[in-house]
Amino acid sequence: MMTRKLGSSGLEVSALGMGVMNLSFGTGKAVEKSQGVKVIRAAVERGINFFDTAQAYGPYTNEMLLGEALVPFRDQVIVATKFGFKLENCGIVGTDSRPETIRAVAEASLKSLKTDYIDLFYQHRVDPDVPIEDVAGTLKDLINEGKVLHYGLSEAGASTIRRAHAVHPVAAVQNQYSIWTREPEAEVIPVCEELGIGFVPWGPLGTGFLTGTIDADTKFDGATDLRANFPRFTQAAMQANMPVVDMLRAMAAKKNATPVQIALAWLLAQKPWIVPIPGMDKIDYLDDNIKSIELELTATDLREIDEQLSAINIQGGRLDEGLLSMSED
């Protein structure tokens, strides 16, 4: 497995990480624990060493699943988790990044993950009620105490990244980024490059749309699938956005690949310090995704993709209004 460095942080990870959320939460029913453990361990066996979870996934259950799966491999892997949501009755009701809350979540996450340190601890969403300097200062203290090794931000804008980085170096920024969600290119990716910060795209496969397995008739269960409330996943929007998938299929045929591999290879080609974390809840998905690392998209291929994308007007917001209001990018 090829590796990449997340900026100048010294954190070196597999070129492709694994988003673990889908095993427990977010895009359908949770898998059986034994199946989740099997998939995570299969990822390790294939060379993936970078795993992403969060307190809010489940809540809590995803961290516990990942912790159990990685017990035999803890010294071989990089574990990223997140704090920053206010949770009540097993649901997200806002943000909370007060220093005392960050510390409480850190202790709970250490217990759930069956570990005595967190490799990368992200603020899941910026809290408008807590200065980012206070958040960064708390993470600096946790790092000095050895409970956290690196500090990250998720769904943060360029100004917040600069302010946080001035207090303590930010190792990675995790914002939504993919072929059909390119907002970070305007300000966030340039500021990461300037400051030596790694970039970790979440939703690199368009929360499933870019895989080519979803069409305009696909239905999402509002009780278990967040996409049921995403404007980009209405029937009309999916129909309007299908040319993106058609473009991926055409390029995949040209490169003897799959749409998934094209979408991930495109991200890997953008910057050498970008590490996507696709959600993979089946071993077949692992094997498909990993092949993207060896897939070379030439300058001509990338130019062709950009030209075709420029002619497509993506329909629908990327998140529902509640989650989007908590994002800065």
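Just so it is clear, the model here is predicted, and its values are computed rather than measured.

About the cut-offs
- Residues numbered from 1 in each chain as written.
- Predicted model: local features only at pLDDT ≥ 70, side-chain atom pairs only at ≥ 80, totals over all residues.
- Heavy atoms only, no water.
- Helix = DSSP H or I, 4+ residues; strand = E, 2+ residues; numbered from the N terminus.
- Rg over C-alpha atoms; globule rule 2.2 N^0.38 Å.
- Buried < 20%, exposed > 50% of the residue type's maximum accessible area, 1.4 Å probe, protein only.
- Contact = heavy atoms within 4.5 Å.
- Areas by Shrake-Rupley, 256 points an atom, 1.4 Å probe, with all protein chains shown as cover.
- Lys, Arg positive; Asp, Glu negative; His and termini not counted.
- Charge placed at Lys NZ, Arg CZ, Asp CG, Glu CD.
- Pairing = 2+ DSSP bridges.
- Phe/Tyr/Trp six-rings, centres within 6.5 Å; stacked < 30°, edge-to-face > 60°.
- Lys NZ or Arg CZ within 6 Å of the ring centre and 35° of its normal.
- Arc of directions from axis to C-beta.
- Core = buried A, V, L, I, M, F, W, Y, C linked by side-chain atoms within 4.5 Å.

(A) View of the overall build of the protein. In terms of regular secondary structure, the protein is built from 11 helices and 11 strands. Rg of the C-alpha trace for the protein: 19 Å, near the compact-globule value of 20 Å for 329 residues, within the 12% margin. Projecting the C-alpha coordinates of the protein onto the three principal axes gives extents of approximately 50 × 40 × 35 Å. For the protein, the proportion of its 329 residues judged to be buried stands at 57%. In the protein, of all internal contacts separated by at least 6 residues, the share reaching a separation of at least 24 is 75%. Entry remark: accessible area of the protein is about 13,500 Å², with carbon and sulfur atoms responsible for 49%. Where the 31 positive side-chain charges of the protein centre and where its 44 negative ones centre are 3 Å apart.

(B) Focus on the pairing of strand β7 (residues 91-95). Bridge count for strand β6 (residues 85-88) against β7 is 4 bridges, and the pairing is antiparallel. In the strand pairing of β7, E88 is matched with G91. Between β6 and β7, which pair antiparallel one after the other, the connecting turn spans 2 residues, and N89 there sits at a positive phi close to 50°.

(C) Looking closely at the packing of aromatic side chains. One pass over the structure, following the stated rule, counts 9 aromatic pairs. Ring geometry for W180 and F209: centres 4.7 Å apart, planes at 0°, overall stacked. You can see W180 sitting in the loop between β10 (172-174) and α6 (188-195) and its partner F209 sitting in the loop between β11 (198-199) and α7 (235-255), a full 29 residues away along the chain. Between W180 and F233, the ring centres sit 6.0 Å apart and the planes meet at 85°, which makes this aromatic pair edge-to-face. Of the two residues, W180 is situated in the loop between β10 and α6 and F233 in the loop between β11 and α7; the sequence distance between them amounts to 53 residues. The same class applies to W180 as to F233, namely buried. Through a chain of ring-to-ring contacts, three or more aromatic side chains come together here, namely W180, F209, F220, F230 and F233. Over the ring of Y117 we find R74; its NZ or CZ atom is 4.1 Å from the centre of that ring. Its end group placed over the ring of F233, R227 keeps NZ or CZ at 5.9 Å from the ring centre.

(D) Structural context of α6. Turning to α6, its buried residues number three or more, namely V188, I189, V191 and C192. One side of α6 holds all its buried residues, which, seen down the axis, span an arc of 160°. Elements that come into contact with the buried residues of α6 comprise α5 (158-167), β10 and β11.

(E) Quick look at the nonpolar core. Counting 88 residues, the largest nonpolar core has F50, F121 and Y151 as its most contacted members. Among residues more than four places away in sequence, those in contact with F50 are L6, V13, S14, G17, M18, I78, A80, L120, Y122, V200, V275 and I277. Core analysis: the second largest hydrophobic core is formed by 22 residues, I48, A69, F73 and I290 among them.

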